[in-house]
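What follows is each chain in one-letter form.
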Amino acid sequence: MTSEESGKILQFLPFSSVISSSFWHKLTQMKIDVYALSDEPVDITGYYTNQSASSRLPACLNVDYSSFENHHASVVGRNGILCQGLLQNTNTFEAFKDINKQAAINKCGEQIWNDILSGAALLNPSLLTRFLLLTFADLKKYQFYYWFAFPTLVFPSKIILDEEPKELDKVLTKDELHQLQQAYDQYKATCGQSAFLVEKNPDLGFKCHPLKELANLKDTTWVGFCDPSSLPTNPGWPLRNLLALIAYHHKERLAGLSVLCWRDEVRDGQRRIGSSLLIEIKDVVYPTENETNPKCLGWEKNERGKLGARMVNLSNSMDPERLANSAVDLNLKLMKWRLLPELNLDIVQNTKCLLLGAGTLGCYVARTLMAWGVRHITFIDNGRVSYSNPVRQSLYTFKDCLNGGQPKAESAANCLREIFPGMISRGIDLRIPMPGHYVTDAEEIEKDVQLLADAINEHDVVFLLTDTRESRWLPSMLSAYLGKLVINAALGFDTYLVMRHGQREPWNPGQVQSEKSKGVMRGALVGRQLGCYFCNDVVAPGDSTKDRTLDQQCTVTRPGISLIASGLAVELMVSVLQHPEGGNASAEISTAAMTTVQQHQQEPDNKGISGSPLGVVPHSIRGFLHRHQQVLPATEAFYNCTACSPLVIKRYAEEGYAFLSEVFNNPDCLEQVSGLADLHKDIASIEDWDYPEESEESND
């Protein structure tokens, strides 16, 4: 009768994987922000514990969000044992299925075997307990496919026992258990390894030693390891590779070896080590194949008890708002994988945008800003939603028109939060004071001016999207005074203008803010030299709403114009933010800059002078839908501009609302302050020059 027939074959309890939902959240973040298209294996960590509260629980290996961090054993708790793992996340489900599973686990097994051969595992026994995790993350559906492997070497192939493993409290007395517990605690405090030696001395009691002292093994010594199993007769998975280590370095000592399966439990508030197992090895059977490396196995079975992958669906269990928060920016982050790795999304997301006007342009601009990841949007408008609005203005519905119509600014802000709860949006019901619109309630208008100035000062970018020209004057002037970036969008029937105002430093009376042009160098205008919406005007803005027919009171345009202009306005803002110089980004004024956008796209380097990863950063974009063409003109700031001129801003800085009140009641005041009136006189004097007529006699 062979030893195998007369004894009991030792069976081991495999690991069961336990994956915290935080692991999948962290994997999602790492996939989008770090791994991108890379499917190379990366190092992660997991842990198991030898502290089980029930014999019915499996031996669990845990991974969570901290698995992606390089941490040490102290973070996994008093009884946590850190394990090294390898994560391979594929880009497609097909690639996940096509991975050669046997080759993958053999590679891990080869690494374990090499650590045994080199002796590295003697110095660091945790190298024996490794794991492999294959994953595919479907980030649109929040479904994660995964398959764990816990590689173990088939060496020896069988362990024969003479009798069943015994619980430690049936082998040692109570005092001996206490001595052993003290010896282990002292050892763990200094070494903390998952495998160790226990020396039993009749006179001195128990003492624990590092595994590297295995060469000094004595007959009275046990080999111990932290056992994740809680079964009364079966040790956990880590013992298999530990026995392979001993079999290679001390093959002659393996038969007859005593193994301590250390289980450090807490039950009913009391620490118990008596359920630890003591295993007496009778004989060992080695593989008959003569191979360089032992065979390796260890793929985890799925919930059906078969070898195969598992899937977890987090879409139903996740908080909807949290799910939306991680999903809305997915498209933006995917841009960085291949197309724009240098794209800075944080600067866009942290930008606070003020939209003056919550009409057709305001609605489309807000939606496009959200698509770019902007989270802070404020509307200013004093209108109410009418029945003609919802078909053209995407943030309103028929219900908003009832009962006289809801306030546009507030309704638009509420709609943004309904679309995405993570939005920080508000609406301010405010009528912007305008030149030429006589002030009847000076106290109320002064409050409106202060409210507008405060709103502009609290935001980073101001969008001018109002219906009339004069309604853009006060925000333009205040933005120039406060040094804000202004994006302007204006519509004609089949034409549009999108432009950025020249951005300068906030007004400081102790510094020279601007001066008359000294010419343009190197075919470009830097941002602070660029003109504003009013720089091409030679007259002050006035009341343009008088004596208008219905078609003149409404903004009559081809419906697609507003979408085009709104999209370009937001894209222009993002291009400015991505530029290294920000608002001071240069705008080309070369011949190439005046050509169509299609010609720009055909240039080898369409970044031009701008240096923005998104291409050129024009001063203005003029579009002609009847020709389906765009041109990119750039104009210099006009020293006598009625909005951004240092003469006008200085007057406002000195007089404040008193100056504005004069402008509202008499727009000609702007021409006097800016110097336009003098310019008109100079032009008139030139036109009135009297040139002498040539006499007939002069021809003689």
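Everything discussed here concerns the structure shown above.
Predicted model only: the values in this text are computed from it and were never measured.

What counts as what
Residues numbered from 1 in each chain as written. Predicted model: local features only at pLDDT ≥ 70, side-chain atom pairs only at ≥ 80, totals over all residues. Heavy atoms only, no water. Helix = DSSP H or I, 4+ residues; strand = E, 2+ residues; numbered from the N terminus. Buried < 20%, exposed > 50% of the residue type's maximum accessible area, 1.4 Å probe, protein only. Areas by Shrake-Rupley, 256 points an atom, 1.4 Å probe, with all protein chains shown as cover. Disulfide = S-S within 2.5 Å. Axes fitted to C-alpha atoms, helices over the stretch in contact; angles between N-to-C directions. Parallel < 35°, antiparallel > 145°, perpendicular 65-115°, else oblique. Contact = heavy atoms within 4.5 Å. Patch = residues over 30% accessible without salt bridge, like charges linked within 9 Å, V, L, I, M, F, W, Y side chains within 5 Å. Salt bridge = Lys/Arg side-chain N within 4 Å of Asp/Glu carboxyl O. Pairing = 2+ DSSP bridges. Expected span 1.5 Å × (residues − 1). Phe/Tyr/Trp six-rings, centres within 6.5 Å; stacked < 30°, edge-to-face > 60°. Lys NZ or Arg CZ within 6 Å of the ring centre and 35° of its normal.

Within the protein, the regular secondary structure consists of 22 helices and 28 strands. Here the protein holds 700 residues, and the buried ones make up 51% of them. For the protein, the accessible area works out to roughly 34,300 Å², and carbon and sulfur atoms hold 49% of it.

Next up on the list: the state of the cysteines. Counting across every chain of the model gives zero disulfides. Unpaired in this structure, Cys-191 has its nearest cysteine sulfur neighbour in Cys-208, at a distance of 9.5 Å.

The geometry of helix α2 (residues 21-35) relative to helix α10 (residues 330-338) is characterised by a closest axis approach of 8 Å and an angle of 40° between their N-to-C directions. Viewed along their axes, α2 and α10 adopt a mutual orientation that is oblique. From α2, Lys-31, Ile-32 and Asp-33 reach across to α10, where they touch Leu-330, Lys-333 and Trp-337.

By secondary structure assignment, the location of Thr-135 is in strand β6 (residues 130-138). Excluding anything up to four places from it in sequence, Thr-135 contacts Trp-24, Leu-27, Leu-87, Gln-88, Asn-89, Thr-90, Phe-96, Tyr-145 and Tyr-146.

So, about the side chain of Arg-240. As for its position among the elements, Arg-240 is in helix α7 (residues 238-249). Among the residues examined, Arg-240 registers a relative accessible area of 15% and is labelled buried. Not counting the four nearest positions on each side in its chain, Arg-240 is found in contact with Phe-12, Thr-152, Leu-153, Phe-155 and Leu-297.

Moving on: a nonpolar patch on the surface. On the surface, Tyr-387, Phe-398 and Leu-402 cluster together into a nonpolar patch covering about 340 Å² of accessible area. Structurally, the position occupied by Phe-398 is in the loop between β20 (376-381) and α13 (408-419).

Here the focus is unusual backbone geometry. The peptide bond linking Phe-155 to Pro-156 adopts the cis configuration, its omega dihedral lying at -5°. Looking at where Pro-156 falls in the secondary structure, it is placed in the loop between β7 (143-153) and β8 (158-161). Positioned with a positive phi, Tyr-142 is a non-glycine residue whose angle comes to about 55°. When you line up the elements, Tyr-142 lands in the loop between β6 and β7. Its identity is not glycine, yet His-628 carries a phi of approximately 50°, on the positive side. As for its position among the elements, His-628 is in the loop between β27 (620-624) and β28 (629-631).

Mapped onto the fold, Pro-294 is located in the loop between β16 (277-285) and β17 (296-299). It is 7.9 Å that separates the C-alpha atoms of Pro-294 and Trp-113, two residues lying 181 residues apart in sequence.

Pairing within the open sheet is mixed, and its eight strands lie in the order β21-β20-β19-β22-β23-β24-β27-β28. Edge strands, defined here as strands with exactly one partner in the open sheet, are β21 (424-429) and β28. Averaged over all pairs of adjacent strands, the angle between strand axes in this sheet comes to 15°, irrespective of strand direction. In this sheet, strand β22 (residues 461-464) lies alongside strand β19 (residues 352-356) in parallel orientation, the contact comprising four bridges. What sits directly across from Leu-356, in β22, is Leu-464. Most of the contacts of helix α17 (residues 559-578) go to strand β24 (residues 495-500), to which it runs at about 15°, and overall it touches β19, β22, β23 (485-491), β24, β27 and β28.

Here we come to the environment of Leu-133. With respect to the secondary-structure elements, Leu-133 resides in strand β6. The spacing of Leu-133 and Phe-148 is 15 residues in sequence and 4.7 Å in space, taken between C-alpha atoms. Here Leu-133 is in contact with Phe-23, Ile-44, Leu-86, Leu-87, Gln-88, Tyr-146, Trp-147 and Phe-148, once residues within four sequence places are set aside.

Both strand β1 (residues 8-9) and β8 contribute to a ladder of two bridges, which runs antiparallel. Bridged to Ile-9 within β8 is Ile-160. Where β8 lies against β16, four bridges are found, and the strand directions are antiparallel. Each bridged residue has a counterpart across the sheet, and for Lys-158 the counterpart in β16 is Val-285.

In this section: α17. Between the first and last C-alpha of α17 there are 30 Å, a value that for 20 residues agrees with the 28 Å anticipated at 1.5 Å per step. Counting buried positions over the 20 residues of α17 gives 15, a clear majority of the element.

With respect to the element layout, Cys-261 can be found in strand β13 (residues 258-262). With 34 residues separating them in the primary sequence, Cys-261 and Asp-227 have C-alpha atoms 5.3 Å apart. Setting aside residues up to four positions removed in sequence, Cys-261 forms contacts with Phe-225, Asp-227, Pro-235, Ser-276, Leu-277 and Ile-279.

With that settled, consider helix α20 (residues 657-665). For α20, the set of buried residues is Tyr-657, Phe-659, Leu-660, Ser-661, Val-663 and Phe-664. Buried residues along α20 sit in contact with α14 (442-458), α15 (473-482), α19 (646-655) and α21 (668-674).

Okay, the packing of aromatic side chains next. A ring pair, where both rings are aromatic, is described by two values, the distance of the centres and the angle of the planes. Counted according to the given criterion, the structure contains 24 aromatic pairs. Aromatic side chains Phe-23 and Phe-68 sit 5.0 Å apart centroid to centroid with 25° between the ring planes, which places their arrangement in the stacked category. With Phe-23 in helix α2 and Phe-68 in the loop between β4 (59-63) and β5 (80-90), this residue pair connects regions lying 45 residues apart in the sequence. Ring centres of Phe-93 and Phe-96 lie 6.1 Å apart, and the angle between their planes is 20°; on these two criteria the pair is classed as stacked. One end of the pair, Phe-93, and the other, Phe-96, are both in helix α3 (residues 93-98), three residues apart, so they sit about a helical turn from each other. The class of Phe-93 is partly exposed, set by a relative accessible area of 27%. The rings of Phe-15, Phe-23, Trp-24, Tyr-48, Phe-68, Phe-131, Phe-144, Tyr-146, Phe-148 and Phe-150 are connected pair by pair, giving a single aromatic cluster. The aromatic ring of Tyr-533 is capped on one face by Arg-472, whose charged end is 5.3 Å from the ring centroid.

It is worth stressing that arrangement in space is one thing and function is another; only the former is reported here.
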